[in-house]
Amino acid sequence: MKLPFMYGKVHRAVVTAADLDYEGSLTLDQNLMDAAGLFPNQRIEVLNITNGNRLATYLIPGERGKGDCCVNGAAAHLCTTGDRVIVVAYCELEPHEIANHRPKVVLVGKHNSIYQVKSVETPHTKIPSF
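These numbers come from a predicted model, not from an experiment.

Before going further, it helps to examine the overall build of the protein chain. Per the secondary structure count, the protein chain includes 1 helix and 9 strands. Here the C-alpha radius of gyration of the protein chain, 15 Å, is about what a compact globule of 130 residues would show, namely 14 Å. Its C-alpha atoms put the protein chain at 50 × 30 × 25 Å along the principal axes. Counting every position in the protein chain, which comprises 130 residues, the buried fraction comes to 45%. If you take every contact in the protein chain between residues at least 6 apart in sequence, the share linking residues at least 24 apart comes to 78%.

Set out below in structure tokens:
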């Protein structure tokens, strides 16, 4: 049995654009994607801190160092320029993989620049046996 866990996230990015006319997805600065271990076309969730909306979409790499976090297509109804969001991806782990799992968390500052990257332990007291 596999269990879902956070794989990586970009925490508190600022939405730099919301484009209703784009096909869909989230364009994210390639530096942020790399730091969080995220990949083009990977399924993600966008958690809007500003208004509480949540949505699922996929990633498109943006230009390195530009700080892009552009919500595209129908999702642009759920986020507006200036909103703070968390971009998160998940993975599925076998119980024996849990103890060594270390998701990456990317904290961003002004202009969506990286100010800290950390790996977090998955706390547990006992690995479940199924």
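Resuming the write-up.
Within soluble globular proteins, side chains that are nonpolar generally end up buried alongside one another. Counting 23 residues, the largest nonpolar core has Val10, Leu26, Leu28, Leu59, Val85 and Val87 as its most contacted members. Of all elements in the fold, only strand S1 (3-14), strand S3 (25-29), helix H1 (30-36), strand S4 (43-48), strand S5 (54-62), strand S6 (69-72), strand S7 (84-93) and strand S8 (104-108) reach the threshold of two or more residues within this core. For Val10, the contacting residues outside a window of four places in its chain are Leu28, Leu32, Ala36, Leu38, Val85, Ile86, Val87, Val106 and Val108. By size, the runner-up hydrophobic cluster in this structure holds 5 residues, among which are Leu3, Phe5, Cys91 and Ile98.

Moving on, we get to the side chain of Asn112. Take Asn112: it is sitting in the loop between S8 and strand S9 (114-119). For Asn112, the side chain forms a polar contact with the main-chain nitrogen of Val14, separated by 2.8 Å. Only 2.8 Å separates the side chain of Asn112 from the backbone oxygen of Gly67, close enough to count as a polar contact. Setting aside residues no more than four positions away along its own chain, Asn112 makes contact with Ala13, Val14, Thr16, Leu32, Gly67 and Cys69.

Right, let's get into unusual backbone geometry. Positive phi, close to 70 degrees, is recorded for Arg12, a residue that is not glycine. Residue position: Arg12 is located in strand S1. Residue Arg12 is classed as partly exposed on the basis of its relative accessible area, which comes to 37%. In this model, His111 sits at a positive phi of 60 degrees, which is unusual for a non-glycine residue. Mapped onto the elements of the fold, His111 is located in the loop between S8 and S9.

In spatial order, the strands read S2-S6-S3-S5-S4-S7-S1-S8-S9; together these 9 strands make up an open sheet with mixed pairing. The open sheet terminates on both sides in strands that have one partner only, identified here as strand S2 (17-19) and S9. Each adjacent strand pair in this sheet contributes to an overall mean axis angle of 30 degrees, direction not counted. Pairing analysis gives 4 bridges linking S3 to S6, with the strands arranged antiparallel. Counted as the bridge partner of Leu28 is Cys69 from S6.

Parameters and conventions
- Residues numbered from 1 in each chain as written.
- Predicted model: local features only at pLDDT ≥ 70, side-chain atom pairs only at ≥ 80, totals over all residues.
- Heavy atoms only, no water.
- Helix = DSSP H or I, 4+ residues; strand = E, 2+ residues; numbered from the N terminus.
- Rg over C-alpha atoms; globule rule 2.2 N^0.38 Å.
- Buried < 20%, exposed > 50% of the residue type's maximum accessible area, 1.4 Å probe, protein only.
- Contact = heavy atoms within 4.5 Å.
- Core = buried A, V, L, I, M, F, W, Y, C linked by side-chain atoms within 4.5 Å.
- Polar contact = N/O pair within 3.5 Å; in protein donor to acceptor, adjacent residues only side chain to side chain.
- Pairing = 2+ DSSP bridges.
- Axes fitted to C-alpha atoms, helices over the stretch in contact; angles between N-to-C directions.

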